[in-house]
Structures are given as C-alpha cells and as structure tokens.
Amino acid sequence: YEYDMTGAFQNFENDACPDAMTNPCDVNLEAIKEMLIYVNGGTGQFAGTIDIDWISFGVSLDGAGPEALLMYEDEFDDGLINWTGGSAGLEISETDGSFFITGDGTSGQFGTVTYDFQEATDDQDTAYVQRTVDFSPEAGQGKVFIRARTNGEAHPMRIDLLDTAGLATNLVGLTKRITNEWSIITYDFTGNYGDAGYGGAEGCTPEAPCFIDETQVASLFFYVRPGEGLFDGQIEIDWVSVGQPLEEQMETAVGVVNYSDTLVGAGEFFSGAPGGITYNVSDEGFFTMSGDGSSPTYQQIRYQLRDDEGNGNKADAAGSGDKLYVRARIRNADMANLRIDVVDEAGFESTNAGAANVIAGEAFATYEFDYAGRYEDGGYGGTSCSEAAAPCAVDAQRITQLVFYPAPDNGMFAGDIDVNWVSFGQEISVNVNNFAELDKLMVYPNPATDELGVEYNLPASSQVSVSLFDGLGRRVMVRDFGQRAAGNNFNRLDVRELPTGTYHLQVTVNGQPVRAQTVLKR
C-alpha cells in the first residue's frame, strides 16, 4: 500500500504549532522521526486484525510489481469464473464459452456483478493472478468491448471501472442497451474517470469528484437495469476485451429510404395505454387519437413500422433527409401540440428533443417533423441515459418505431387528431380526405394478372393521371393520360412487372386525387 505524503502539514494544535487550526504548519519531510498509525481514524470501533509485514520509504521492498496490461481479453473458455455476484436477485454462471447474468425479477436498483482482470501464470491456464489494466488515454485505451445478447426483451446495462484504491467511475455511468441479437458493444470511458462518492468513497462528491487511477484499473462493475432493478431475464456475454474488439461488428442492414405507410390495416401495429386518451385505426387507414381533457403529461402511443407483408420494418431517417411528414387534422378542438419521437432497433429514442408541431384546423394538412440534430436519448424512456452528461445516440438509419405524444408538455389533451399517413423523406398523396369527385370509377379485372383496366366518367374535359401505391404508400407506377374529354373514358395499365400483392390505385383529376381503390395483383 502506498501513502503519498507530498505536501503534508499539521492542522491540529500542540506546543509545536499552537495556531494549527487557522495557520497549519508544514511537516519537515526531510526529518521524519515517528509514524502515527490510525485504524478507522475518525470513527473508531475497529474490529479485526491488520498485519503489517514491512514499512519502507521511497521504494517497495517487493519491487515495482507487474506493469498494468495495455491489452486484455477473456473468451470465457477456461472454466474459471472471474466474476463475483453477491447482489440479491442476480445469479452468475459460465458455460460453453459464454458468461451468463440471470435475474429472477427481484434485483435492486444497482445490483452489481464484478469482473476482476486476471492472467494465467502457467501454460495450462490452471493458475491465475489478478492483474490491472491501463485505461489511460496516453496508452491509447479507454474502451471496454463486449459481445452480448439477451434471451428475450432488451435491457440496459451499465459498466463502471474500479481502480486498485477502490474508486469507481460512478460520476457518469456508461449505459448501453443489450438486445436479443448478438452485438459488439463499446463502452468508451475517455474523459469519464470521476468518482462522485455514490459507492461510498469518502470525501468524493458530484461537485468535487475524486478521480480514479486510470492506469491501474482492477475490475469492472456491471449493472443490469441500473436505477430500475427488478431484472427478470438473462444476459449472455460471449467475450470481454480492452484495447480492441476480438471481432468486427456485423452491422444489421439499414432501413428503408423514404419509408411511408398509408396506415391501411395497421391497427395491430399500434400499442399503448395512455391515460385520458383513446385511439383506433379505421379500415380506411385513419389513426385517430381522442382526448377527454384528463390526460397527464407525456402520454404516448407507439407505432411499429411494418413492411407490405405485415412484418416489422425499419426506416433510414438520415437517408431520408432527417424529415418525417405526417398528414393530420384536428376535430372538436382548435389546435393541439403533437410530438413524435423516433426509436431505433436497439430501443433508444429521441427523448432529448423530440420534434413537435401544432396541429390546427379541421382540414387535412401535411406537417413536417425535422430530426436533424435530435437523435439523442436522454433517458426519459427508461434507457438510463443521461440528458446532460451522457445522452445515448439514436441510430438514425435504423428507426423501427414512432412514438406519438398528444399535448405532451401540459397534458389535458381534448379533441380528436386524425393521422392519415406517415412518410419519411417525402410527402405521399394517397387515401386523403379532400377528394375529387367522379360519377363512375371502375377497375377490372381485380385481381389482375397482366393488364388492368380503368374506366371513369368525367363531368368536364380534364387532365388525368393514374398512380399505383404499394401497401406502404410508396408510389410504384404513374401514368399520365393527358387531357381527356368529358364523358366516359377507358385506359389500360400494364402491371405484368409488378410483384404479387395488394396495391392502391388512385386517379388524379386536374391535380386533385380521387379516393383510392384497392387492387390485387396475382
């Protein structure tokens, strides 16, 4: 154990220093005569035995000891558990090259599992000695890498560093969300070496933190669901390393550019139980949020993006200009604020600065939600990210959900907001409420195979075009028929190249759309 006497002074009064409380006296470090040893100084009640083997000024009689490691890895294939549990509700195990943290749903808010850095001392990996790792920026370190997944729902997991003196990086905990897909996750501690005293370190506070010795890190603290606890599930860790990951991250595919959805048949993709607010999705694709004036603040309804086969989907918001367009109106009220957050596939959502608009008027209008610079999770959705100190990044290329908040800041939402479609990157114009009128519109054969006939009756000579949209509202075909005479008209569409599926056909007359009709292609 090292005791650093640099700058030692006397601050209790005696004959040699009678004014020590107000004018401390420097200790002459070149003429030390005695040592005073205090056990549990300031508190007393010492129970136990401390053995002191030797005392030495200047040098350690055991030598300098092993240098801290610059690179470290553990693939959990040696059968030796370097972890200690002890927190109620958490069980640890190692098998088949993985380490498991299992929770029974009773763990505390900061239930901890500790991992100690160790190194084999023989070729057979049967004897180990505890080691330290150098995390200093000068050593080019600062990062812990793990490959991990859950056995079900996603859970946040935080890691802290612990040095040989017992100080831990609890000033700003680094939290990542672990999903049920194998992912290589990086915890970057660069600039985050402060102990705020939350672990009991004496004299350390958030205002005056103590700084760990980043060159002598001995252990890692793992917290599953920090600040929440009640972890019920299992996290599997394939390996842990410092310095560099043991393998490259295989990124999932990015989302759809210019994703859009007409919301026809989307009812099952909406979820939530907001207080004072009900919602429904009509067969025609109108998503309606109705408030009775009693809603608390930040009540939410979630929409899971989908593909045209009814499976989950994701959008590339960044590749779509960071913009979401929503066609909406409000009834039974003059106006209401509507905030929409975006959620990525790891569960992080734009809670730091969700984009919002004031929905006003009974006529449908298109509203733009701009997310440029807003892809930050401040922890309000339960991710344990920190708004000010360490917000988590939202993956703008892998957006899987939208979160609707009617009147989020003030609550008391009253009225009805109808949403007709959502679209990233560009507006779509299908299934809207301000339709042109036709005396007749027939589409046949339906289902169609190679050719589709469109018959309609115009009250006057008009400019006519026809568009086909897929189940997500993406325009897949447009044909301009030019100026057509008043009366009965007929046009053909070649659809043989279209994939089998459900489409929406819409005639546009003098720039104004007609109500869409559903068409089946086989």
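About the thresholds
- Residues numbered from 1 in each chain as written.
- Predicted model: local features only at pLDDT ≥ 70, side-chain atom pairs only at ≥ 80, totals over all residues.
- Heavy atoms only, no water.
- Helix = DSSP H or I, 4+ residues; strand = E, 2+ residues; numbered from the N terminus.
- Rg over C-alpha atoms; globule rule 2.2 N^0.38 Å.
- Buried < 20%, exposed > 50% of the residue type's maximum accessible area, 1.4 Å probe, protein only.
- Contact = heavy atoms within 4.5 Å.
- Areas by Shrake-Rupley, 256 points an atom, 1.4 Å probe, with all protein chains shown as cover.
- Lys, Arg positive; Asp, Glu negative; His and termini not counted.
- Charge placed at Lys NZ, Arg CZ, Asp CG, Glu CD.
- Pairing = 2+ DSSP bridges.
- Phe/Tyr/Trp six-rings, centres within 6.5 Å; stacked < 30°, edge-to-face > 60°.
- Core = buried A, V, L, I, M, F, W, Y, C linked by side-chain atoms within 4.5 Å.
- Salt bridge = Lys/Arg side-chain N within 4 Å of Asp/Glu carboxyl O.
- Patch = residues over 30% accessible without salt bridge, like charges linked within 9 Å, V, L, I, M, F, W, Y side chains within 5 Å.
- Disulfide = S-S within 2.5 Å.
- pLDDT = per-residue confidence, 0-100.
- Polar contact = N/O pair within 3.5 Å; in protein donor to acceptor, adjacent residues only side chain to side chain.

1. Concerning the overall build of the protein
Point 1. A count of helical and extended segments in the protein gives zero helices and 38 strands.
Point 2. Over its C-alpha trace the protein gives a radius of gyration of 32 Å, far above what one expects of a compact globule, namely 24 Å for 522 residues.
Point 3. Seen through its principal axes, the protein has C-alpha atoms that stretch 115 × 60 × 40 Å.
Point 4. Here the protein holds 522 residues, and 46% of them are scored as buried.
Point 5. Long-range contacts, defined here as pairs at least 24 residues apart, represent 68% of the contacts in the protein between residues at least 6 apart.
Point 6. When the accessible area of the protein is evaluated, it comes to approximately 26400 Å², of which 46% is carbon and sulfur surface.
Point 7. For the protein, the centre of its 29 positive side-chain charges and the centre of its 80 negative side-chain charges are spaced 19 Å apart.

2. Looking at the sheet that holds strand E4 (residues 83–84)
Point 1. The five strands are arranged E4-E7-E16-E11-E12 in an open sheet whose pairing can be described as antiparallel. The open sheet has two free edges, formed respectively by E4 and strand E12 (174–178), since each of these has just one partner strand.
Point 2. In terms of strand pairing, strand E7 (residues 112–116) meets strand E16 (residues 217–224) through five bridges, oriented antiparallel. Following the sheet pairing, Thr112 is matched in E16 by Tyr223.

3. Observations concerning the packing of aromatic side chains
Point 1. What the rule picks out here adds up to 17 aromatic pairs.
Point 2. Look at Tyr115 and Phe117: their rings are 5.9 Å apart centre to centre, the planes differ by 85°, and that puts the pair in the edge-to-face class. Residue Tyr115 shares its accessibility class with Phe117, and that shared class is buried.
Point 3. Between Phe135 and Phe189 the ring centres are 6.4 Å apart and the planes differ by 90°, which places this aromatic pair in the edge-to-face class. Residue Phe135 is found in the loop between strand E9 (128–130) and strand E10 (143–150), and its partner Phe189 is found in the loop between strand E13 (183–188) and strand E14 (194–195); the two are separated by 54 residues along the sequence.

4. Focus on the nonpolar core
Point 1. By size, the foremost hydrophobic cluster in this structure holds 42 residues, and its most contacted members are Met289, Tyr303, Leu402, Phe404 and Phe424.
Point 2. Beyond its immediate sequence surroundings of up to four residues, Phe404 is in contact with Phe270, Phe287, Met289, Gln299, Gln300, Ile301, Tyr303, Leu338, Arg339, Ile340 and Val422.
Point 3. Formed by 37 residues, the second largest nonpolar core is a distinct cluster that contains Tyr115, Leu167, Ile212 and Leu220.

5. Side note on the pattern of salt bridges
Point 1. Following the criterion strictly, the structure yields 19 salt bridges and no others.
Point 2. As a salt-bridge pair, Arg131 and Glu119 come within 2.2 Å of each other at their nearest N and O atoms. A residue pair is termed long-range when its members are at least 10 positions apart, and Arg131 in the loop between E9 and E10 and Glu119 in strand E8 (residues 118–120) qualify at 12 residues.
Point 3. A salt bridge links Arg331 to Asp418, with the nearest nitrogen and oxygen atoms 2.6 Å apart. Placement of Arg331 in strand E23 (residues 323–331) and of Asp418 in strand E30 (residues 414–424) is noted, with a sequence separation of 87 residues between them.
Point 4. Note on Asp418: relative accessible area 2%, which makes it buried.
Point 5. The structure contains a network of salt bridges with shared partners spanning Lys314, Glu345, Asp395 and Arg398.

6. Overview of unusual backbone geometry
Point 1. The peptide bond linking Tyr444 to Pro445 adopts the cis configuration, its omega dihedral lying at -10°.
Point 2. Mapped onto the secondary structure, Pro445 falls in the loop between strand E31 (440–444) and strand E32 (451–458).
Point 3. Cis geometry marks the peptide bond from Asn446 to Pro447, where omega comes out at 15°.
Point 4. Mapped onto the fold, Pro447 is located in the loop between E31 and E32.
Point 5. For Gln45, which is not glycine, the phi dihedral falls at a positive 60°.

7. Things to note about a negative patch on the surface
Point 1. Together, Glu91, Asp104, Glu153 and Asp232 give the surface a local cluster of negative charge.
Point 2. Mapped onto the secondary structure, Glu91 falls in strand E5 (residues 90–95).
Point 3. Of the residues examined, Glu91 reaches a relative accessible area of 53% and is grouped as exposed.

8. Side note on the sheet that holds strand E29 (residues 399–406)
Point 1. Read across the open sheet, the five strands follow the order E19-E22-E29-E24-E25; overall the sheet is antiparallel. The open sheet has two edge strands, strand E19 (270–271) and strand E25 (355–360), and neither has a second partner.
Point 2. As paired strands, E19 and strand E22 (residues 301–304) are joined by two bridges and run antiparallel to one another. When the sheet's bridge partners are listed, Ser271 is paired in E22 with Arg302.

9. Regarding the state of the cysteines
Point 1. In total, this model carries two disulfides according to the counting rule given.
Point 2. The disulfide partner of Cys17 is Cys25, and the gap between their sulfur atoms is 1.9 Å. Because the sign of the S-S torsion sets the handedness, a value of about 90° for the bond joining Cys17 and Cys25 places this disulfide among the right-handed ones.
Point 3. Looking at Cys25, the relative accessible area reads 26%, which means it is partly exposed.
Point 4. The side chain of Cys204 participates in a disulfide bridge whose partner is Cys210; the two sulfur atoms lie 1.9 Å from each other. Judged by the sign of its S-S torsion, about -100°, the cystine formed by Cys204 and Cys210 is left-handed.

10. A closer look at the confidence of the model for the protein
Point 1. Mean pLDDT for the protein: 85, with 90% of residues reaching 70 or above.
Point 2. Counting interchain partners and residues more than four positions distant, the pLDDT-below-50 stretch residues 430–434 has 25 contacts.

11. Let's talk about the environment of Glu13
Point 1. Within the secondary structure, Glu13 is located in the loop between strand E1 (9–10) and strand E2 (25–26).
Point 2. Put simply, Glu13 and Pro24 are 11 residues apart on the chain and 8.6 Å apart in space, counted from C-alpha to C-alpha.

12. Looking at the side chain of Ser241
Point 1. Within the secondary structure layout, Ser241 lies in strand E17 (residues 232–242).
Point 2. Within polar-contact distance, the side chain of Ser241 engages the backbone oxygen of Gln244 at 2.7 Å.
Point 3. Residues in contact with Ser241, not counting those within four places in the same chain, are Tyr72, Glu73, Lys143, Val144, Phe145 and Leu246.

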